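Structural overview
Here is what each chain is made of, one letter per residue.
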Amino acid sequence: MKKIITAIFILSLVGLLSGCSTLATKKAMVSKASIINKHNFSVSVNTHGGESKDQIKFGSAGVTNEDFKKAIEESIMNSGLFTLIVSKNSDYDINVTIFDLTRPNAGFGLTVAMEAAWSLTNKSNNKVEFKKSIESIYTTGSFDAFAFTERLALAVENAAKKNIEQGLKEISKLDLK
């Protein structure tokens, strides 16, 4: 009987600490980017390389294309970087492709690294005005959240948020015409 209770306790503890898979939320990824220049143009945002809920392993966290796109759009709106966000017939296109999202499998202080390719294209002449790979890193503390998956989701969300902040700041440095 004592072995059964011990086994149940250990399994419960493992389940509590590991949790299940988690997707980063749009709200947590929205950035308050420091903008240098505001651009009096419309823009559309496209994202690639994100994960679907089905692709994320049990006990992990990830970013979907849709939530990443919405977080970029909301960050643009909040900062006023562009005057209007549209789905088609924009003056400029922002394309962001996540090509690396490194997550730990275990630990207390969790470091997540994200790398995404950012580009800005002028739609009137198809000229690529900006193209850069942006890396961002975020580490959660051991006590930021109790469960591993919560700490991991925080680290993923904040790495994505920093990536958005850096990407928009770089685009704000441009002198668009």
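Please read all numbers here as calculations on a predicted model, not as lab measurements. (Residues numbered from 1 in each chain as written. Predicted model: local features only at pLDDT ≥ 70, side-chain atom pairs only at ≥ 80, totals over all residues. Heavy atoms only, no water.)

**Let's talk about the nonpolar core**
Phe 68, Ile 76, Phe 82, Ile 94, Trp 118, Leu 120 and Ile 171 are the most contacted members of the largest nonpolar core, which totals 38 residues. Elements that contribute at least two residues to this core include exactly β2 (39-48), α3 (65-79), β5 (92-102), β6 (111-122), β7 (127-139) and α4 (148-172). With 10 residues, α4 is the largest single contributor of residues to this core. Residues in contact with Ile 76, not counting those within four places in the same chain, are Val 43, Val 45, Leu 81, Phe 82, Ile 85, Ile 94 and Leu 168. (Core = buried A, V, L, I, M, F, W, Y, C linked by side-chain atoms within 4.5 Å. Buried < 20%, exposed > 50% of the residue type's maximum accessible area, 1.4 Å probe, protein only. Helix = DSSP H or I, 4+ residues; strand = E, 2+ residues; numbered from the N terminus. Contact = heavy atoms within 4.5 Å.)

**Describing the environment of Asn 95**
When you line up the elements, Asn 95 lands in strand β5. Classification of Asn 95 by relative accessible area gives partly exposed; the value is 21%. Here the alpha-carbon distance between Asn 95 and Ala 116, two residues 21 residues apart in the chain, equals 9.9 Å. Only 3.2 Å separates the side chain of Asn 95 from the side chain of Asn 46, close enough to count as a polar contact. (Polar contact = N/O pair within 3.5 Å; in protein donor to acceptor, adjacent residues only side chain to side chain.)

**Considering the packing of aromatic side chains**
Going through the model one piece at a time under the given rule, you end up with two aromatic pairs. Each ring, one from Phe 41 and one from Tyr 92, has its centre 5.2 Å from the other, and the planes form 70°; the classification is edge-to-face. Note that Phe 41 is positioned in strand β2 and Tyr 92 in strand β5, a separation of 51 residues in sequence. According to the relative accessible area criterion, Tyr 92 is buried, its value standing at 1%. Aromatic pair Phe 82 and Tyr 92: ring centres 6.3 Å apart, planes at 45°, arrangement tilted. On the criterion of sequence distance, the pair formed by Phe 82 in strand β4 (residues 82-85) and Tyr 92 in strand β5 is long-range, its members being 10 residues apart. Classification of Phe 82 by relative accessible area gives buried; the value is 4%. Linked through ring pairs, Phe 41, Phe 82 and Tyr 92 together constitute an aromatic cluster. (Phe/Tyr/Trp six-rings, centres within 6.5 Å; stacked < 30°, edge-to-face > 60°.)

**Let's talk about the packing of α3 against α4**
Running from amino to carboxyl end, α3 crosses α4 at an angle of 45°, the nearest separation of the two axes being 10 Å. Between α3 and α4, the crossing angle belongs to the class labelled oblique. Considering the relative orientation of α3 and α4, their crossing is right-handed. Side by side, α3 and α4 meet where Phe 68, Ala 71, Ile 72, Ser 75 and Ile 76 of the first sit next to Ala 160, Ile 164 and Leu 168 of the second. When the residues that make up the contact of α3 with α4 are grouped by side-chain class, the tally is seven nonpolar, one polar and no charged. (Axes fitted to C-alpha atoms, helices over the stretch in contact; angles between N-to-C directions. Parallel < 35°, antiparallel > 145°, perpendicular 65-115°, else oblique. Left-handed = near helix turned anticlockwise from the far one by under 90°. Nonpolar A, V, L, I, M, F, W, Y, C, P; charged D, E, K, R; others polar.)

**Here we look at the pairing of β7**
Taken together, the 12 bridges between β6 and β7 define a ladder with antiparallel strand orientation. If you follow Val 112 over to β7, its bridge partner there is Tyr 138. What sits between β6 and β7 in their antiparallel hairpin is a turn of four residues, with Asn 126 showing a positive phi close to 60°. (Pairing = 2+ DSSP bridges.)

**Remarks on the side chain of Thr 121**
By secondary structure assignment, the location of Thr 121 is in strand β6. A relative accessible area of 14% means that Thr 121 is categorised as buried. Leaving out residues up to four positions away in the same chain, Thr 121 has contacts with Asp 91, Tyr 92, Asp 93, Asn 126, Lys 127, Val 128 and Glu 129.

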